[in-house]
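Chain residues, written in single-letter form:
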Amino acid sequence: MMLRQGAGMTSARDARFLYFLAVVIAVIVFVIDALTPLDIAIAVLYVVVVLLVASTASRQAAIATAWTCAALTLVAFAMSHDGNYSGGPVARCIVSLLAIGITSFLALRNQANTARLQEQIQLLNLTHDAIVAYDMSDRITFWNQGAEALYGWSASQAIGQRIHDLTRTSSSIPLDELRDEVVRTGSWEGELQRVRSDGSTVIVSSRFALWRDDKGKPRAVLATNNDITLRKRMEAELQRQQDELRATIDAIPGMVWSSSCDGELSYINRRWNALGVSLEGNSGDVWTSIVHPDDWHAMYAAWRGAIATGKPFENVSRIRHSDGSYRWMHIGAEPLRDREGHILRWYGVNTDIEERKQMEEALERSEAFLSDAQRLSRTGSIGTRLPTGEMWWSDEVYRIFEYPQHVTPSMELIVARAHPDDLALVREAYERGLPGMPYIDVEHRLRMPDGRVKHVHYVAHLAAPQTANLEYVGALMDVTERQLAQDALDRSTAELAHVTRVTMLGELAASIAHEVTQPLAAIVTAGDAARRWLNRPKPDLGEVGHSIDQMVRDAKRATDVIRQIRAMAQKRDPSEAVLDLNVIVRESIELVRRELDAARVEIEASYAQRAPLVCADRVQLQQVVINLVMNGVQAMAGVTDRAKRLRVCTGRFDDRFDGHYAQVAVEDSGTGISEENLGRLFNAFFTTKADGMGMGLSICRSIVEAHGGRIWAESQEGQGSTVQFILPLDKGTCDEQ
Ligand code: ADP
């Protein structure tokens, strides 16, 4: 039987109408049957009454009606025949009763079938699934409450409509193919998209079953539909979240992985593509294939250890990339545990630390270089944070101070090593940072516990004046060797200066002899004169006295010359005194006077009006002046085309930045100095003379600089040169001797 909804269903109003009609018909039939003499089985018409009542679906009413109709038939028979029961009327009565009985039986049976069918339909309505039946032309024949709820149309609206037109079915396969498949296989299962009565779209999971009649002819399709819109939406959302999570994991700048609780890799993110590995087929071997053979054992042991203990895993190894190169990576993993604490999985990330590793190595290298350089150059670094005085020393500083590396650096340790004579200097220098001096530069001595003396040079500058804490970065140089070399050099320079002086004296011997013989001759002459004045008959004591005065003066002059020569020839340490440069220059010129005369040099001296007083060593200054004068004389030796003129001037030289100086300039009209030679004039052993030593100007420079002055030369090649030096004017600090 084809499921057809609505069959046998009667509303209360219909029932009342049917009852009324049944009563009317029953009354009419009874009246005709009882009161008219018609010889027909009119009572058969009671079957109509029974059928009408039975159609209301009330079993009791139908049974009562059947009995009532039978009773009415019998009553009418009795009334119309008055005990006169012939064969014909009895037979008609029996036929009528049979008709009523059979009709009632059939009606009741039909009623029972219909009720069962209704029950089944009610059952179908109970399900939440949307159940729809439609015939082979797609016309809906059944539409349960689930379908009403799902699609929005009531059964009465839906029945008779074409299912696919009504719900605007769309499917991944064309509907004709779908229909063919249902007919061919008898069923179909899949997802369909439909439109509800309110226009909204719904996705349903449908199952179609084909119903064939007894002859095997396809008659109808029964479809059950479930609304899976929400599930679909959730699936889509889940998928989106999964995609997003995957994209996020892929975007992490690291190789993300997870493994089972026993360490077998089960997931790797896209970054692993760079390693050229995949999980297919070799999940266990992935690590072996990518970890550097030299790092593998340590990494494997650490990983097994983490799995065994459940502690977080950490390791640094070289990992091979698809191009064959190895890069340093940090491999870290944490376990995920269940409520009981059992490890479910491991989640790990490999982070590329190649750059960091290289930087670390470069840093280590440069630290090693720095340490080597510090040891070689005997220079250590000191960092000092103020006002706390917190210090940092490099290894070399520990070596210079000769402290063990484990002691904490401090100012006290430095002070403890300072030479007692330099203690104040050290304190001042290292504590000068307190008021924030931008630069510190000091040389001082250290005295080691065994009595050795070291010379150090400390320079420091303010490294971060912008922060609240002042920080000095300084260098401490062990200059002991340099200092010793300097001392030795100073000594040999002094010796050399002495040798030069003596050599010069040899050269000047004739002048000196002349200088000495002249006053001696004058003394002899004056003595003779005195004697003559005395031998006069009347001695002229006044003249005698005059001659004796002259003798004394000349003797003094000779003594002076000899003293000066002795001083020049003497080997002694320099002694400083306040000297008048005018006097020094005058004396020096006198000493070389004869040389000047012999060389036919015109000397022109101009002296500063205010005596330029300097604090210096007399003999050394004379040596400088004589040197410059003699160089000038020698430079003019070959000059024939012009006058040989030597000008010596003293004066003052004011430097805008450096203060006030006394100046001596020696100007000649000799050969001059070439541009090239001007730069190396003061270098030791530079000479252009066949018998020159090349030490004169070099010694002059060390003498001048030792007195805090400067010496330089200017020249117009071919026209002469000027060599001049300046010395700081005495400020009254010189010890008078
Ligand atoms: P020496 O006189 O033994 O050569 P010096 O150091 O005194 O050594 O001089 C170095 C060189 O400087 C001389 O050889 C000379 O070439 C040059 N020199 C020095 N003074 C003068 C000068 N006034 N004019 C030209 N050249 C000069």
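See above for the structure.
Per-chain numbering applies: the sequence of each chain, read as written, is numbered from 1 onward. Side-chain atom pairs in this predicted model are given and counted only at pLDDT of 80 or more, local residue features only at pLDDT of at least 70, and totals for whole chains, interfaces and linings cover all residues. Each side-chain value is derived from all of the structure's non-hydrogen atoms; neither hydrogens nor water enter the calculation.

J.: Quick one: what's the story with the nonpolar core, residue by residue and with numbers?
T.: As a rule of thumb, soluble globular proteins bury nonpolar side chains together. Put simply, buried Ala, Val, Leu, Ile, Met, Phe, Trp, Tyr and Cys residues joined by side-chain atoms within 4.5 Å make one nonpolar core. The cut-offs for exposure are 20% and 50% of the maximum accessible area for each residue type, with area from a 1.4 Å probe on protein chains only; residues under the lower value are buried, those over the upper are exposed, and the others partly exposed. Grouped together as the largest cluster of nonpolar side chains are 44 residues, with contacts concentrated most on Leu621, Leu628, Val629 and Phe725. Beyond its immediate chain neighbours, meaning those up to four positions away, Val629 contacts Val592, Leu596, Leu646, Val648 and Val666. Met391, Trp393, Ala429 and Leu462 belong to the second-largest nonpolar core, a separate cluster that totals 28 residues. We call two residues in contact when some of their heavy atoms are within 4.5 Å.

J.: Account for the site of the ligand, naming residues and giving values.
T.: Nearness is judged by heavy atoms alone; a residue qualifies as near a molecule or strand once a single heavy atom is within 4 Å of it. Close contacts around the ligand come from 18 residues, with Asp668, Thr687, Thr688, Lys689 and Leu697 the closest. Pairs of N or O atoms are called polar contacts if they sit within 3.5 Å, as long as, within protein, a hydrogen donor faces a hydrogen acceptor (for residues adjacent in sequence, only side-chain-to-side-chain pairs). Interatomic distance of 2.7 Å between a side-chain N/O atom of Lys689 and an oxygen atom of the ligand. Between the ligand and the protein, one listed contact pairs an oxygen atom with a backbone N or O atom of Leu697 at 2.8 Å. Of all the elements in the fold, those that place two or more residues in the shell around the ligand are α20 (618-635) and α22 (696-706). When the residues that make up the shell around the ligand are grouped by side-chain class, the tally is seven nonpolar, nine polar and two charged. Secondary structure elements are taken from DSSP: a helix is a run of H or I of four residues or more, a strand is a run of E of two residues or more, and numbering for both begins at the N terminus. Three classes are used: nonpolar for Ala, Val, Leu, Ile, Met, Phe, Trp, Tyr, Cys and Pro, charged for Asp, Glu, Lys and Arg, and polar for all others, with Gly counted as polar.

J.: Pulling in residues and values, what's your account of the side chain of Asp668?
T.: As for its position among the elements, Asp668 is in strand β21 (residues 659-668). There is no salt bridge for the buried Asp668, and the closest opposite charge comes from Arg642, which lies 6.9 Å off by N-O distance. Residues contacting Asp668, with those up to four places away along its chain left out, are Gly632, Ala635, Met636, Arg645, Leu646, Gln719, Gly720 and Ser721. By the counting scheme adopted, Arg and Lys are positive, Glu and Asp are negative, and His together with the chain ends is not counted. For salt bridges, the criterion is a side-chain nitrogen of Lys or Arg within 4 Å of an Asp or Glu carboxyl oxygen.

J.: I'd like a rundown of the pairing of strand β7 (residues 255-260), residues and numbers included.
T.: With six of its six residues buried, β7 lies for the most part within the structure. As paired elements, β7 and strand β8 (residues 265-268) share three bridges and run antiparallel to each other. Paired with Ser259 across the two strands is Leu265, which belongs to β8. At least two DSSP bridges between two strands are required for those strands to pair. The loop that links β7 with its antiparallel partner β8 comprises four residues; one of these, Gly263, has a positive phi angle of about 95°.

J.: So what's going on with the sheet that holds strand β16 (residues 470-478)? Which residues, and what values?
T.: By definition, the strands of a sheet pair up through backbone hydrogen bonds, in either a parallel or an antiparallel sense. One open sheet holds the five strands; their spatial order is β13-β12-β16-β15-β14, and the pairing between them is antiparallel. The sheet is open, and its two borders are formed by β13 (390-393) and β14 (439-447), each paired with just one other strand. Taking the axes of each pair of neighbouring strands and ignoring which way they run, one obtains an average angle of 20° across the sheet. Summarising the sheet, strand β15 (residues 453-462) and β16 pair through seven bridges and their orientation is antiparallel. Pairing of Leu462 across the sheet is with Tyr472, part of β16. To obtain each axis, a line is fitted to C-alpha atoms, and for helices this fit is confined to the stretch in contact; angles are then taken between N-to-C directions over 0 to 180 degrees.

J.: Run through the pattern of salt bridges, naming residues and quoting values.
T.: Oppositely charged side chains can pair when the atoms bearing their charge come close. Overall, the coordinates contain 33 salt bridges when judged by the stated rule. Where Asp227 meets Arg196, a salt bridge forms, and the shortest distance between an N and an O atom there is 3.3 Å. Taken as a pair, Asp227 in strand β6 (residues 218-227) and Arg196 in the loop between β4 (187-195) and β5 (201-212) lie far apart in primary sequence, 31 residues in all. A relative accessible area of 22% means that Arg196 is categorised as partly exposed.

J.: Tell me what's going on with the sheet that holds strand β20 (residues 645-655), and back it up with residues and numbers.
T.: If you trace the five strands from one edge of the open sheet to the other, you get β18-β20-β21-β23-β22, paired in mixed fashion. Looking at which strands have only one partner, the edges of the open sheet turn out to be β18 (602-606) and β22 (710-716). The average undirected angle you get between the axes of adjacent strands in this sheet is 20°. Taken together, the ten bridges between β20 and β21 define a ladder with antiparallel strand orientation. The residue bridging Phe653 from the neighbouring strand is Tyr661, located in β21. Strands in contact with helix α19 (residues 581-598) are β18, β20 and β21; relative to β20, the strand with the most contacts, it is inclined by about 165°. On top of the sheet, α22 reaches β22 and β23 (720-728); it is set at about 135° to β22, its chief contact.

J.: Which residues make up the packing of α20 against α22, and what values go with them?
T.: The geometry of α20 relative to α22 is characterised by a closest axis approach of 10 Å and an angle of 145° between their N-to-C directions. Like other packed secondary-structure pairs, α20 and α22 cross with a definite hand, here left-handed. Together, Gln620, Gln623, Val624, Asn627, Leu628 and Asn631 of α20 and Gly696, Leu697, Ile699, Cys700, Ile703 and Val704 of α22 make up the contact between the two elements. Looking at the contact of α20 with α22 residue by residue, the classes come out as seven nonpolar, five polar and no charged. It is the rotation of the near helix from the far one that decides the hand of a crossing: anticlockwise by less than a right angle makes it left-handed, clockwise makes it right-handed.

J.: Mind laying out the environment of Trp712, listing which residues take part and the relevant values?
T.: Positionally, Trp712 belongs in strand β22. Separated by 15 residues in the primary sequence, Trp712 and Leu697 have C-alpha atoms spaced 9.8 Å apart. Excluding residues within four positions of it along the chain, Trp712 makes contact with Phe653, Gln663, Phe682, Thr722, Val723, Gln724 and Ile726. Looking at Trp712, its side chain comes within polar contact range of the side chain of Glu714, at 3.2 Å.

J.: Which residues make up the packing of aromatic side chains, and what are the values?
T.: Working definition: an aromatic ring pair is given by the centre-to-centre distance plus the angle between the planes. Working definition: a ring pair exists when centres of Phe, Tyr or Trp rings (six-membered ring for Trp) sit within 6.5 Å. Plane angles under 30 degrees give stacked, over 60 give edge-to-face, the rest tilted. Scanning the model with the defined rule gives 15 aromatic pairs in all. Between Tyr134 and Phe208, the ring centres sit 6.3 Å apart and the planes meet at 90°, which makes this aromatic pair edge-to-face. Here Tyr134, found in strand β1 (residues 130-135), pairs with Phe208, found in strand β5; they are 74 residues apart in sequence, far enough to count as distant. A relative accessible area of 2% means that Phe208 is categorised as buried. Taken together, a centroid distance of 5.0 Å and an interplanar angle of 35° make the contact between Trp296 and Tyr300 tilted. Of this pair, Trp296 and Tyr300 are both found in helix α11 (residues 293-309), four residues apart, which corresponds to roughly one turn of the helix. With a relative accessible area of 17%, Trp296 lands in the buried category.

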